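Each chain, written out:
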Amino acid sequence: MSRLQVVSGKGGTGKTTVAASLALALATEGKRTLLVEVEGRQGIAQLFETQALPYEERKIAVAPGGGEVYALAIDPELALLDYLQLFYKLGSAGRALKKLGAIDFATTVAPGLRDVLLTGKACEAVRRKDKSGRFAYDYVVMDAPPTGRITRFLNVNDEVAGLAKIGPIHNQAQAVMRVLKSPETAVHLVTLLEEMPVQETADGIAELRAAKLPVGRIVVNMVRPAVLDQAALELAHTTPRTAIAKSLSAAGLGGARRGGLAERLVDPLLRQAEEYAERFALEREQRAVLTEQQLPLHELPLLAEGMDLAGLYELAKELRTQGIS
């Protein structure tokens, strides 16, 4: 069985970017990775600067070493048609139901069924083999719903309990859960070094563990570079203003006497140092909370140039450097 890597995170943390970077990182050295989108936002297509993804697996990138990244945007309505054909052989009758709006109705009023279809399609790719008997993909990476919904989304057995106690839907849910709870699956959480996303990450980890779903790693995204360390911050706080002004003057930034350019720069610099010290302390506190989760912790830098295809490759390289493989 291929390895399933599920990526979740609070909105705004860049979970789709991390999922895409992870898919690239895992595809190096000749491996094949499938990147799956389940929320219908076409975020993967935007990141890889390609056309909107259809409901089919399409190669979207080549990784270093000749590996390949494929992508799939799962449409729940089309997935339900596949399901009806597979288990009930409806064929054209299923397409007729779609025209009547029954398919959309079913996936809307029964969110548990929708989750079974979305997770089921990804799990089918995990189990699929080619004609030679090899698994079609080495890894399947799922860009999953946000942390607040991830446990309910993955715990499809509970979701379909009210829909079917026996039969194909029940059997499909059990098959999905066997994949999701296998040692080959890991759920990774993406966060920022900010209080709300860190707390949601901690809560999500607790919920996943309570549901006996396999938690993998924590990825801290968009980490800003360290400008000053603790010693430098303390020095800035304790150094007299006159000494700072003289240092600035010695560096060629004007006069140190009152009214001189160097002297006028002191207060703005001290304000910036104070703001940085507050952020430094907050980020240190949040790192401590994440460390308490006792999971592998990775950090990805904030890219000054913004996120584009080159940035994805840069983040993928960083993940590989940090031992994600």
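The preceding data block contains the structure.
All values reported here derive from a predicted model rather than from experimental measurement.

I keep staring at the pattern of salt bridges and nothing clicks. Help me out?
Opposite charge on two side chains makes pairing possible when the charged atoms of those side chains draw close. One pass over the full model with this rule turns up 14 salt bridges. A salt bridge links lysine 15 to aspartate 143; the nearest nitrogen and oxygen atoms lie 2.8 Å apart. Remark: aspartate 143 occurs in strand E5 (residues 139–143) and lysine 15 occurs in helix H1 (residues 15–26); sequence separation between them is 128 residues. Since its relative accessible area comes to 1%, aspartate 143 is described here as buried. With its nearest N and O atoms 3.1 Å apart, the salt bridge here joins glutamate 283 to arginine 279. Placement of the pair is glutamate 283 and arginine 279 together in helix H13 (residues 261–291), with a separation of four residues, close to one helical turn. Judged by its relative accessible area of 10%, glutamate 283 is buried. Salt bridges sharing common partners tie together Lys15, Glu39, Arg41, Asp143 and Arg149.

Mind showing me how you'd approach the packing of aromatic side chains here?
Where two aromatic rings form a pair, the distance of their centres and the angle of their planes describe that pair. In this structure the tally under the stated criterion is one aromatic pair. Relative to tyrosine 137, the ring of tyrosine 70 has its centre 5.9 Å away and its plane inclined at 65°; by these criteria the two rings are edge-to-face. Taken together, the residues tyrosine 70 in strand E4 (residues 68–73) and tyrosine 137 in the loop between helix H6 (111–127) and E5 connect sequence positions 67 residues apart. Grouping residues by exposure puts tyrosine 70 and tyrosine 137 together as buried.

Please explain the environment of leucine 80 as it appears in this structure.
Counting through the fold element by element, leucine 80 comes out in helix H3 (residues 76–88). Sequence-wise, leucine 80 and leucine 113 are 33 residues apart; in three dimensions their C-alpha atoms are separated by 8.9 Å.

Before we go on, may I ask you to explain a negative patch on the surface in this structure?
A cluster of acidic residues, Glu49, Glu305, Asp308 and Glu314, forms a negative patch on the protein surface. Looking at the element boundaries, glutamate 49 is found in the loop between helix H2 (43–47) and strand E3 (58–62).

How should I be thinking about the side chain of serine 8 in this particular structure?
Of note, serine 8 is situated in strand E1 (residues 3–9). The exposure class of serine 8 is buried, given its relative accessible area of 0%. Polar contacts involving the side chain of serine 8 include one to the main-chain amide nitrogen of threonine 147, which spans 3.1 Å. Those residues in contact with serine 8, other than ones at most four positions away along the chain, are Lys15, Pro145, Pro146, Thr147, Ile150, His188, Leu189 and Val190.

Mind showing me how you'd approach the sheet that holds E1 here?
Sheets are built from strands paired through backbone hydrogen bonds, the pairs being either parallel or antiparallel. Ordered in space as E3-E4-E2-E5-E1-E6-E7-E8, the eight strands form an open sheet in which the pairing is mixed. Two strands bound the open sheet, and with one partner strand each, they are E3 and strand E8 (297–301). Taking each pair of neighbouring strands and ignoring which way they run, the sheet shows an average axis angle of 25°. Relative to strand E6 (residues 185–191), E1 runs parallel, the two being bridged by six bridges. Among the inter-strand pairings, glycine 9 is bridged to a residue of E6, identified as valine 190. Sheet contacts for helix H10 (residues 195–210): E6 and strand E7 (215–223); angle to E6, the most-contacted strand, approximately 160°.

In this structure, what is going on with helix H14 (residues 309–321)? I would like to understand it.
At 3.6 residues per turn, the α-helix brings residues three or four places apart onto the same side. When the terminal C-alpha atoms of H14 are compared, their 19 Å separation across 13 residues agrees well with the 18 Å that a helix rising 1.5 Å per residue should span. For H14, the full list of buried residues reads Gly311, Leu312, Leu315, Ala316 and Leu319. Viewed end-on, H14 has its buried residues packed into an arc of 140°, placing them on one side of the element. Away from the buried face of H14 by more than 90 degrees, exposed residues Ala310, Lys317 and Thr321 are located. On its buried face, H14 is in contact with H1, H2 and E8. The residue sitting at the N-terminus of H14 and contributing the capping side-chain oxygen is aspartate 308; that oxygen lies 3.3 Å from the backbone nitrogen of alanine 310. Where H14 terminates, the next one or two residues include glycine 323, which has phi positive at roughly 95°.

Cut-off values and rules
- Residues numbered from 1 in each chain as written.
- Predicted model: local features only at pLDDT ≥ 70, side-chain atom pairs only at ≥ 80, totals over all residues.
- Heavy atoms only, no water.
- Salt bridge = Lys/Arg side-chain N within 4 Å of Asp/Glu carboxyl O.
- Helix = DSSP H or I, 4+ residues; strand = E, 2+ residues; numbered from the N terminus.
- Buried < 20%, exposed > 50% of the residue type's maximum accessible area, 1.4 Å probe, protein only.
- Phe/Tyr/Trp six-rings, centres within 6.5 Å; stacked < 30°, edge-to-face > 60°.
- Patch = residues over 30% accessible without salt bridge, like charges linked within 9 Å, V, L, I, M, F, W, Y side chains within 5 Å.
- Areas by Shrake-Rupley, 256 points an atom, 1.4 Å probe, with all protein chains shown as cover.
- Lys, Arg positive; Asp, Glu negative; His and termini not counted.
- Charge placed at Lys NZ, Arg CZ, Asp CG, Glu CD.
- Polar contact = N/O pair within 3.5 Å; in protein donor to acceptor, adjacent residues only side chain to side chain.
- Contact = heavy atoms within 4.5 Å.
- Pairing = 2+ DSSP bridges.
- Axes fitted to C-alpha atoms, helices over the stretch in contact; angles between N-to-C directions.
- Expected span 1.5 Å × (residues − 1).
- Arc of directions from axis to C-beta.

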